[in-house]
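Spelled out, the chains give:
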Amino acid sequence: MKESITLLGRRFEATIPEKDILAAVRRMADAIARDYEDRTPVFVGVLNGAFMFVSDFMKHYPYPCELTFVKLSSYRGLTSTGIVETLLDLPEEVEGRDVIILEDIVDTGRTLQELVHLFAGRNIKDFKIAALFYKSEIYNGEYTIDYVGMEIPDRFIVGYGLDYREQGRNLRDIYQLKKQPMINIVLFGKPGAGKGTQATFLKEKYNLQHISTGDVFRRNIKGGTDLGNLAKSYIDKGELVPDQVTIDMLKDEVEAHPDAAGFIFDGFPRTTAQAEALDHFLEGRDMKIDATIALEADDEVLVARLLERGKVSGRSDDQDESKIRNRFEEYNVKTAPLKAYYQKQGKFHGVNGIGEIPEITGRLAAVIDQL
Ligand code: AMP
């Protein structure tokens, strides 16, 4: 059993080894066998998560029995959506029978409620529920769970049939999501506002992963990758690279750092579509933006700064005033509306971007320390 695994950029830690799971499955099979020895129950496995449980359970159940499946779905990513769909309905043969539901996991009880509704009016003789994993802390208690494999704390788990966004079902052991306090910050501001400079100080101070989309593009251009060649044609004109390309690249960067204690997004998002995509992406990974901090400075100060920077950085987009003005135009049209986007979420903080570098770092830190 590996100590930890990574699925789609999230880290999971080993928590229940296969032998403990199999022992629990065997105990359940023994208990049910004692109660149903002289009957022929119909076991109903709840797909997809219960497939491994059902398989091991059936191997240990010694008496005559039948098996069928239903398929419900309520998990999307890491949190229960509350919407339970029936994807595979019940077969006829449950009428007048002893039915035992085989559920991989019972947590809030919403899926269970839907299951019970599914069987209501089906003229079931005897209806019992067996759950391999049971989160007693959050269960709403509406129905009795007749057979429990093991009680577990309210943590997101994966493996032994259970998935994280459809992956991890093939793991023999159970792993739980590594919970870590995270701070995710968007550094916002016009070109030359000092986002990159400040990010290098903040990432040290708060142990965050700095992602600068501009830097990633420039690395790709240097490396002569397809992405770099595509980006170059836009960057050279002072235009934004198309959203989808940028969004996909950003997702890859986040997923490449599963252990990060948080991220500083520098130069992303730059359009409403990017901001929406970022929110959606983070939500699906149990993450969120905590604050968007804007470094505010006057255009003429910024133009002068960029031209100075261009002399040493070698960046072609910093050396030509018309390109700089075009980047400002792109900012005003496409990026500036994000201020309202984040204000609406109560996450926008403006900071004076003029002054000595440490002084500005102090202003940013004052915002972050309050989060
Ligand atoms: P920067 O280093 O942040 O000033 O970015 C340099 C250039 O990279 C920009 O002028 C854009 O052409 C491109 N770029 C960086 N980030 C983005 C983004 N989020 N969306 C679109 N283009 C971007």
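Before reading further, recall that the structure is shown in the block above.
Residues numbered from 1 in each chain as written. Predicted model: local features only at pLDDT ≥ 70, side-chain atom pairs only at ≥ 80, totals over all residues. Heavy atoms only, no water.

Concerning the site of the ligand
In step 1: Around the ligand sit 16 residues in total, of which Thr213, Glu239, Gly267, Arg270 and Gln274 are the nearest.
In step 2: Measuring from a nitrogen atom of the ligand, one finds a side-chain N or O atom of Thr213 at 2.8 Å.
In step 3: About the coverage of the ligand: the protein hides 96% of its 480 Å² of free accessible area.
In step 4: A class-by-class count of the residues in the shell around the ligand yields five nonpolar, five polar and six charged. (Near = heavy atom within 4 Å. Polar contact = N/O pair within 3.5 Å; in protein donor to acceptor, adjacent residues only side chain to side chain. Areas by Shrake-Rupley, 256 points an atom, 1.4 Å probe, with all protein chains shown as cover. Nonpolar A, V, L, I, M, F, W, Y, C, P; charged D, E, K, R; others polar.)

Comments concerning the nonpolar core
In step 1: If you look at the biggest cluster of nonpolar residues, it comprises 30 residues, and the most contacted ones within it are Ile32, Phe53, Phe57, Leu132 and Phe133.
In step 2: Going through the elements one at a time, α1 (18–36), α2 (51–60), β6 (98–106), β7 (126–134) and β8 (147–151) are the ones with two or more residues in this core.
In step 3: With nine residues, α1 is the largest single contributor of residues to this core.
In step 4: Aside from chain neighbours lying at most four places away, what touches Phe53 is Val25, Met28, Leu102, Glu103, Asp104, Ala130, Leu132 and Tyr160. (Core = buried A, V, L, I, M, F, W, Y, C linked by side-chain atoms within 4.5 Å. Buried < 20%, exposed > 50% of the residue type's maximum accessible area, 1.4 Å probe, protein only. Helix = DSSP H or I, 4+ residues; strand = E, 2+ residues; numbered from the N terminus. Contact = heavy atoms within 4.5 Å.)

As for the sheet that holds strand β9 (residues 157–158)
Working definition: the strands of a sheet are paired by backbone hydrogen bonds and lie parallel or antiparallel to each other.
In step 1: Spatially, the four strands line up as an open sheet ordered β1-β2-β10-β9, and their pairing is antiparallel. Because the sheet does not close on itself, it has two edges, and the strands there are β1 (4–7) and β9. (Pairing = 2+ DSSP bridges.)

Looking at the side chain of Arg327
In step 1: With respect to the helices, strands and loops of the structure, Arg327 is situated in helix α10 (residues 321–335).
In step 2: Overall, Arg327 belongs to the buried group, its relative accessible area being 10%.
In step 3: Residues contacting Arg327, with those up to four places away along its chain left out, are Pro191, Gly238, Leu306, Arg309, Arg315, Asp317 and Asp318.

Overview of helix α8 (residues 272–283)
In step 1: Here α8 spans 16 Å end to end across twelve residues, near enough to the 16 Å set by a 1.5 Å rise per residue.
In step 2: For α8, the set of buried residues is Gln274, Ala275, Leu278, Asp279, Phe281 and Leu282. Along the axis of α8, the buried positions cluster into a sector of 165°, meaning they face one direction only. Residues of α8 that are exposed and point more than 90 degrees away from the buried face comprise His280 and Glu283. (Expected span 1.5 Å × (residues − 1). Arc of directions from axis to C-beta.)

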